[in-house]
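One letter stands for each residue in the lines below.
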Amino acid sequence: EGSYSTDATRPEVRIREFKQMVQALHRAGIRVILDVVYNHCMSIDGSNFQLTYPDYYFRKVADGKYSDGSGCGNETASERPLMRQFMLESVRYWIQEYHIDGFRFDLMGIHDIETMNLIRQEVDKIDPSITIYGEGWSAGQCAIEHERLAMKAVTYQMPGIGAFADDMRDAIRGPFSDDTQPAFLAALPGHEESIKFGLVGGIQHPQVDMERVNYSKAPWTVQPTQHVSYVSCHDDMSLVDRLRASFPGIQTDELIRLDKLAQTFVLTSQGIPFLWAGEEVLRDKKGVHNSYNQPDSINQIDWSNLEKYQDVYLYYRGLIGMRRAHKAFRMADAELVRSHMRFLDAPSCVVAFTLDGTAVGDSWNHIVCIMNSNRTPQRVTIPQGTYTVVCRDGQVAAEGLGQVEGDVVTVGAQQALILHD
């Protein structure tokens, strides 16, 4: 994209500076994931695909019209050999020439399962640590058999490939289809099972009743590392906007409590936590959903918020640090999660679970996490012990925020409590 280069008129400058950017990020210990949109072109007429082989690269419906699974009227046909070859060669090129570390597939549900698996296999030959995940849905009906599509529900058929977890997202904040409808954060009962399903990483778990999960009635991951946990991303309402839309007149102190609570689920879930850039400083988009064509006044990160909401930033940073330091929050094997993550009995609109750190070589022996969306404090029975508090009252501190002893704890209103022994 030339507007980011120092001289957009010279293609080699764009290329060189993109490579320098990736190199600088690598030196800083940051891996780079590329958002790849192979599912459609801006237009069909004049596209290189159409000029190369007219109507081959695009799917059509029975009456001869171009299929609209992408929402742009021109979905590509990944199942056809030349389109599949294009995708494989393109991914290989980005890795070998630009040293890209991962790929986020836009509307992955438009592509076929076989092509996605072939891409994973090709990438593994180069570097198995490269991340591949995508949106496990399409924007409309596709002109190919549904069972062939790389939808979220069949992620288990695509080992090493992840998908965004809208089950967990909508159970926490409310459905995508209605901005004004809240869910767990509003202390509305009935969403706990969907959240538990997200916390285990979308795998089969003996304590998760799939009949009570909102969208998925069967586990869709084989390993928790295929589950991308999140509450907002670029082409939907930001979490802040969503809270304002579903809690009319919400005051800043309550908004902050609920924002922190939502991200505590994301950052204590097994699998891959996903944070939208700027969420850590309460970024919003003035209520705009898909802001790809909006100006900086909508899309910019207001960095003055860093000082204004430093406690939010520190809470996010504390959770990220805790997750990085403790293996129990990121068990990569489904059997480990099934064996060493246990849910506790809890009141309505409270989710509580324990992690056995000793079993996975964690420095914390046993970890207790409790999330309460009620507007009143709640008491929860936990295993008897003496615990160090590391998250309470909207603060996170690895060195501890005090101690509790016994088998009953009280978690504050609209907040999380995390303990370990």
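Right above here is the structure, for reference.
Just so you know, these numbers come straight off a predicted model, no measurement behind them.

Engineer: What is the right way to look at helix α3 (residues 81–98) in this model?
Structural biologist: Taking 1.5 Å as the rise per residue, α3 with 18 residues should run 26 Å; its terminal C-alpha atoms sit 25 Å apart, in good agreement. By the burial criterion, the buried members of α3 are Met83, Arg84, Met87, Leu88, Ser90, Val91, Ile95 and Tyr98. Along α3, the residues classed as buried sweep out an arc of 160 degrees about the axis, all on the same side. Exposed and oriented more than 90 degrees from the buried face of α3 are Pro81 and Gln96. Contact partners of the buried residues in α3: α1 (11–27), α2 (48–52), β2 (102–105) and α4 (113–126). In the segment just after α3, His99 is the residue with positive phi, at about 60 degrees.

Engineer: Teacher, can you tell me more about the pattern of salt bridges here?
Structural biologist: Side chains carrying opposite charge are able to pair once their charged atoms draw close together. By the definition in use, this model includes 29 salt bridges. Arg10 serves as the salt-bridge partner of Glu12, at 2.8 Å between the closest nitrogen and oxygen. The exposure class of Glu12 is partly exposed, given its relative accessible area of 36%. Residue Arg10 is classed as partly exposed on the basis of its relative accessible area of 40%. One salt bridge connects Arg148 with Glu145, and the closest N-O pair in it is separated by 3.2 Å. Salt bridges here are not isolated pairs; linked through shared partners, they connect Asp35, Arg104, Asp106 and Glu135.

Engineer: Even after reading the chapter, I still don't get the sheet that holds strand β1 (residues 33–36), so can you show me in this structure?
Structural biologist: Adjacent strands of a sheet pair through backbone hydrogen bonds, lying either parallel or antiparallel. Spatially, the six strands line up as an open sheet ordered β1-β2-β3-β4-β5-β6, and their pairing is parallel. A single partner strand is all that each edge strand has here, and the edge strands are β1 and β6 (272–273). Sheet topology note: the strand β3 (residues 131–134)/strand β4 (residues 162–164) ladder contains two bridges and is parallel. Pairing of Tyr133 across the sheet is with Gly162, part of β4. The strands that α4 touches are β2 and β3; relative to β3, the one it contacts most, it runs at about 165 degrees.

Engineer: Even after reading the chapter, I still don't get the packing of helix α5 (residues 166–173) against helix α6 (residues 192–199), so can you show me in this structure?
Structural biologist: A pair of packed helices can be characterised by two numbers: the angle between their axes and the separation between those axes. Close contact between α5 and α6 brings their axes to 8 Å; oriented N to C, the two are set at 135 degrees. Put simply, α5 runs oblique to α6. Judged by the sense of rotation from one axis to the other, the crossing of α5 with α6 is left-handed. Here α5 contributes Asp167, Met168, Ala171 and Ile172 to the contact with α6, which in turn contributes Ser194, Ile195, Phe197, Gly198 and Leu199. Tallied by class, the residues present in the contact of α5 with α6 amount to six nonpolar, two polar and one charged.

Engineer: Help me out: how do you make sense of the environment of Leu355 in this one?
Structural biologist: With respect to the helices and strands, the residue Leu355 is situated in strand β8 (residues 350–356). Look at Leu355 and you get buried, because its relative accessible area is 2%. For the pair Leu355 and Ser291, spaced 64 residues apart in the sequence, the C-alpha separation amounts to 39 Å. Excluding anything up to four places from it in sequence, Leu355 contacts Gln270, Ala328, Phe329, Met331, His340, Met341, Asn365, His366 and Ile367.

Engineer: Explain unusual backbone geometry to me, please; I cannot follow it from the model alone.
Structural biologist: Note: most residues except glycine have negative phi, and most peptide bonds are trans. One non-glycine residue, Leu282, lies in the positive phi region at around 55 degrees. Within the secondary structure, Leu282 sits in the loop between β6 and α9 (296–299). The backbone phi angle of Asp393 is positive, close to 55 degrees, even though this residue is not glycine. One can find Asp393 in the loop between β10 (378–392) and β11 (395–396). Taking relative accessible area as the criterion, Asp393 reaches 52% and is therefore assigned exposed.

Engineer: It is not clear to me how the layout of surface pockets should be interpreted in this structure. Could you clarify?
Structural biologist: Put simply, the second largest pocket is a space of about 350 Å³. Along its surface, the second largest pocket is lined by Leu34, Asp35, Val36, Val37, Tyr38, Ser90 and Trp94. For the lining of the second largest pocket, the elements supplying multiple residues, two or more each, are β1 and α3. Considering each element in turn, the lining of the second largest pocket owes the most residues, three residues, to β1. Residues that form the lining of the second largest pocket fall into these classes: five nonpolar, one polar and one charged.

Engineer: Even after reading the chapter, I still don't get the packing of α3 against α4, so can you show me in this structure?
Structural biologist: The geometry of α3 relative to α4 is characterised by a closest axis approach of 10 Å and an angle of 30 degrees between their N-to-C directions. Between α3 and α4, the angle is such that the two are roughly parallel. Considering the relative orientation of α3 and α4, their crossing is right-handed. In contact with Arg84, Met87, Leu88, Val91, Arg92, Ile95 and Gln96 of α3, α4 contributes Glu114, Thr115, Leu118, Ile119, Glu122, Val123 and Ile126. The residue inventory of the contact of α3 with α4, partitioned by class, reads eight nonpolar, two polar and four charged.

Engineer: What am I meant to see in the side chain of Lys260 here?
Structural biologist: Inspection of the secondary structure assignment puts Lys260 in helix α8 (residues 252–268). Not counting the four nearest positions on each side in its chain, Lys260 is found in contact with Asp311, Val312, Tyr315 and Gly394.

Engineer: Would you explain the packing of aromatic side chains in this entry?
Structural biologist: Aromatic ring pairs are defined here through the distance separating the ring centres and the angle between the ring planes. One pass over the structure, following the stated rule, counts 18 aromatic pairs. Taking the centre distance of 5.2 Å and the plane angle of 80 degrees together, the rings of Phe164 and Phe274 count as edge-to-face. A residue pair is termed long-range when its members are at least 10 positions apart, and Phe164 in strand β4 and Phe274 in the loop between β6 and α9 qualify at 110 residues. For the residue pair Phe164 and Phe274, the accessibility class agrees, reading buried in each case. Residue placement shows Lys19 over the ring face of Tyr98; its charged tip is 5.4 Å from the ring centre.

So, how was this worked out
- Residues numbered from 1 in each chain as written.
- Predicted model: local features only at pLDDT ≥ 70, side-chain atom pairs only at ≥ 80, totals over all residues.
- Heavy atoms only, no water.
- Helix = DSSP H or I, 4+ residues; strand = E, 2+ residues; numbered from the N terminus.
- Expected span 1.5 Å × (residues − 1).
- Buried < 20%, exposed > 50% of the residue type's maximum accessible area, 1.4 Å probe, protein only.
- Arc of directions from axis to C-beta.
- Contact = heavy atoms within 4.5 Å.
- Salt bridge = Lys/Arg side-chain N within 4 Å of Asp/Glu carboxyl O.
- Pairing = 2+ DSSP bridges.
- Axes fitted to C-alpha atoms, helices over the stretch in contact; angles between N-to-C directions.
- Parallel < 35°, antiparallel > 145°, perpendicular 65-115°, else oblique.
- Left-handed = near helix turned anticlockwise from the far one by under 90°.
- Nonpolar A, V, L, I, M, F, W, Y, C, P; charged D, E, K, R; others polar.
- 1 Å grid on protein atoms, 1.4 Å probe; cavity = no way out; pocket = protein on both sides within 12 Å on 5 of 7 lines; lining within 4 Å.
- Points joined across faces, edges and corners; volume = space filled by probe spheres on them.
- Phe/Tyr/Trp six-rings, centres within 6.5 Å; stacked < 30°, edge-to-face > 60°.
- Lys NZ or Arg CZ within 6 Å of the ring centre and 35° of its normal.

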